[in-house]
Amino acid sequence: KQRLSENRNVAWAQYQDIAQVLGNVASELGSINGSDPLAERRLLRYLRSLDIDAEASVYRDGGGRLHVIIESGRLSPLTRDEDYLEKLSSVVGVRLCQPNELCEGCSRLILLQAEPLAVSVGIAALKKRGEKVSGDKGTYFKTDSGVLCVILSDGMGTGDQAAKDSTQVVQILEKFLRSGVDPAVAMKILNSVLLLRGGDSWGYATVDLMCVDLFSGETCFYKYGAAPSYVKSGKNIRRIKGETLAAGLSACDGLAPDLVRMRLKPGCTAVIASDGVLADTEDRWLKSLMLRSGEDMKALASAALKEAERLYGANDDMTVVTVRVEERP
């Protein structure tokens, strides 16, 4: 009866979260700034000067980001010019970027307002000695709203089951984030999914989520039972530690993840690692590495992993993700 009551409470909380998601979607649809007819006319005139007959739309989404869509059966006169992005940016008056590579013969070109910030990411991983697979799983991607998302999950234990758990966690969370769900709500829904699945075949997993708004630098760290993360700004290093349990262990009041907010400026570096890398509270070696590090994030991730292996041995799965914020060139 107690387990049934807990499940009902978790399901009720999940319905509340989904209702919030739907409410946010409705709010965003109602706040879309609409089309920019002046920019559309300038764009169509430019396309006609290249002898391209096309349909074009220029509009801003609910967050104010400019979208440009060009549809034509004859895009090659435009795209074969190496500087076509710069020229289109000049036409619409906003710097543009191309989120997806244009395939040969495509008749639709989608462009977005370019973010003023860019990131470089490095990843290094090592599985536990004697295991065939790692129980850690990580990924990173950029959403259509210009937010970089970095996810790292450490499944319960090691081996195949841990790898399966962490992979499912990352896949579920990525789908929510790519769909535009608020990260805090996505984390809570993920936790409730793990709780409701229950059973002997489903474990739990730690979750690290870092979201960086590449327009403002506003950054949020969300944690479920994850190891500390570190952020270097100049000569200062901040340690970010959570108190919650791993996802799939906490219900009711424990549904919400730890949340730390800050603003990352160009030159800031962040390190996210699984607990195999940070085996105890001794972290001076990592801080020292960060202070000596340059702009090469792959080198920093590899150096951190190598030093952790030297200090603690390969007695657990180890993964290091490093992120550096820079001005877009």
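Keep in mind the model is a prediction, meaning the values are calculated, not measured. (Residues numbered from 1 in each chain as written. Predicted model: local features only at pLDDT ≥ 70, side-chain atom pairs only at ≥ 80, totals over all residues. Heavy atoms only, no water.)

**Describing the pairing of strand β11 (residues 229–233)**
Here's step 1: With four of five residues buried, β11 lies mostly within the body of the structure.
Here's step 2: By the bridge criterion, five bridges tie β11 to strand β12 (residues 236–240) in an arrangement that is antiparallel. When the bridges of β12 are listed, Tyr 230 appears paired with Arg 239.
Here's step 3: Where β11 folds back on β12, the antiparallel hairpin that results is connected by two residues, among which Gly 234 adopts a positive phi of roughly 65°. (Buried < 20%, exposed > 50% of the residue type's maximum accessible area, 1.4 Å probe, protein only. Helix = DSSP H or I, 4+ residues; strand = E, 2+ residues; numbered from the N terminus. Pairing = 2+ DSSP bridges.)

**Focus: the pairing of strand β9 (residues 205–213)**
Here's step 1: Counted residue by residue, β9 has eight buried out of nine residues, so it is predominantly covered.
Here's step 2: The pairing of strand β8 (residues 147–155) with β9 spans nine bridges and is classified as antiparallel. Paired with Ser 153 across the bridge in β9 is Val 207.
Here's step 3: Pairing of β9 with strand β10 (residues 218–224), which is carried by six bridges, proceeds in the antiparallel orientation. From the neighbouring strand, Asp 208 faces β10, where its bridge partner is Lys 223.
Here's step 4: In textbook terms, the turn of a hairpin is the stretch between consecutive antiparallel strands, and for β9 and β10 this stretch comprises four residues, one of which, Gly 217, has a positive phi near 85°.

**Thoughts on the sheet that holds β12**
Here's step 1: With antiparallel pairing, five strands are arranged side by side in an open sheet as β6-β15-β14-β11-β12. Sheet topology places β6 (117–126) and β12 at the edges, where each strand pairs with a single neighbour. Shown here is a sheet whose adjacent strand axes are inclined to one another by a mean of 15°, direction ignored.
Here's step 2: Sheet topology places β11 next to strand β14 (residues 269–273); three bridges connect them, and they run antiparallel. Pairing of Lys 232 across the sheet is with Thr 269, part of β14.
Here's step 3: Those strands touched by helix α8 (residues 297–312) are β6, β14 and β15 (318–327), and its axis lies near 30° from that of β6. (Axes fitted to C-alpha atoms, helices over the stretch in contact; angles between N-to-C directions. Contact = heavy atoms within 4.5 Å.)

**Thoughts on the packing of helix α2 (residues 37–49) against helix α4 (residues 84–92)**
Here's step 1: At a closest axis distance of 8 Å, the pairing of α2 and α4 adopts a crossing angle of 140°. Accordingly, the angle class assigned to the pair α2 and α4 is oblique. Here Arg 42, Leu 43 and Tyr 46 of α2 lie close against α4, whose contacting residues are Lys 87, Leu 88, Val 91 and Val 92.
Here's step 2: For the contact of α2 with α4, the per-class residue count stands at five nonpolar, no polar and two charged. (Parallel < 35°, antiparallel > 145°, perpendicular 65-115°, else oblique. Nonpolar A, V, L, I, M, F, W, Y, C, P; charged D, E, K, R; others polar.)

**Section: the confidence of the model for the chain**
Here's step 1: Across the chain, the average pLDDT comes to 86, with 85% of residues at 70 or higher.
Here's step 2: Least confident of the elements in the chain is helix α1 (residues 2–30), whose mean pLDDT is 62; most confident is β14, at 97. (pLDDT = per-residue confidence, 0-100.)

**Some thoughts on the side chain of Thr 219**
Here's step 1: Relative to the helices and strands, Thr 219 resides in strand β10.
Here's step 2: Here the side chain of Thr 219 touches Gly 217 through a polar contact of 3.0 Å, landing on its backbone oxygen.
Here's step 3: For Thr 219, the contacting residues outside a window of four places in its chain are Met 210, Cys 211, Val 212, Val 260, Arg 261, Met 262 and Leu 264. (Polar contact = N/O pair within 3.5 Å; in protein donor to acceptor, adjacent residues only side chain to side chain.)

**A look at empty space enclosed by the protein**
Here's step 1: By the definition in use, this model includes one cavity of 30 Å³ or more.
Here's step 2: Approximately 60 Å³ is the volume found for the largest cavity.
Here's step 3: Taken together, Leu 152, Ser 153, Asp 154, Thr 206, Asp 208, Gly 225, Ala 226, Ala 227, Ala 273, Ser 274 and Asp 275 make up the lining of the largest cavity.
Here's step 4: Contributing elements (two or more residues each) for the lining of the largest cavity: β8 and β9. (1 Å grid on protein atoms, 1.4 Å probe; cavity = no way out; pocket = protein on both sides within 12 Å on 5 of 7 lines; lining within 4 Å. Points joined across faces, edges and corners; volume = space filled by probe spheres on them.)

**Re α8**
Here's step 1: The end-to-end C-alpha distance of α8 is 22 Å, a good match for the 22 Å that 16 residues give at a rise of 1.5 Å each.
Here's step 2: Where α8 is buried, its residues meet β6, β14, α7 (284–292) and β15.
Here's step 3: The N-cap residue of α8 is Asp 296: its side-chain oxygen and the backbone nitrogen of Lys 298 are 3.1 Å apart.
Here's step 4: Just downstream of α8, Gly 313 is the residue with a positive phi angle, here 75°. (Expected span 1.5 Å × (residues − 1).)

**Quick word on the nonpolar core**
Proteins that are soluble and globular tend to have nonpolar side chains buried together.
Here's step 1: Counting residues in hydrophobic clusters, the biggest one holds 23 residues, and the most contacted among them are Cys 149, Ile 151, Leu 173, Leu 177, Met 187, Val 207 and Leu 209.
Here's step 2: Only β8, α5 (159–178), α6 (183–197), β9 and β10 provide two or more residues apiece to this core.
Here's step 3: Here this core takes six residues from α6, the largest share from any one element.
Here's step 4: Setting aside chain neighbours within four positions, we find Cys 149 in contact with Thr 139, Tyr 140, Phe 141, Thr 143, Leu 177, Leu 209, Met 210 and Cys 211.
Here's step 5: Grouped together as the second largest cluster of nonpolar side chains are 21 residues, Ala 39, Leu 66, Tyr 84 and Val 91 included. (Core = buried A, V, L, I, M, F, W, Y, C linked by side-chain atoms within 4.5 Å.)

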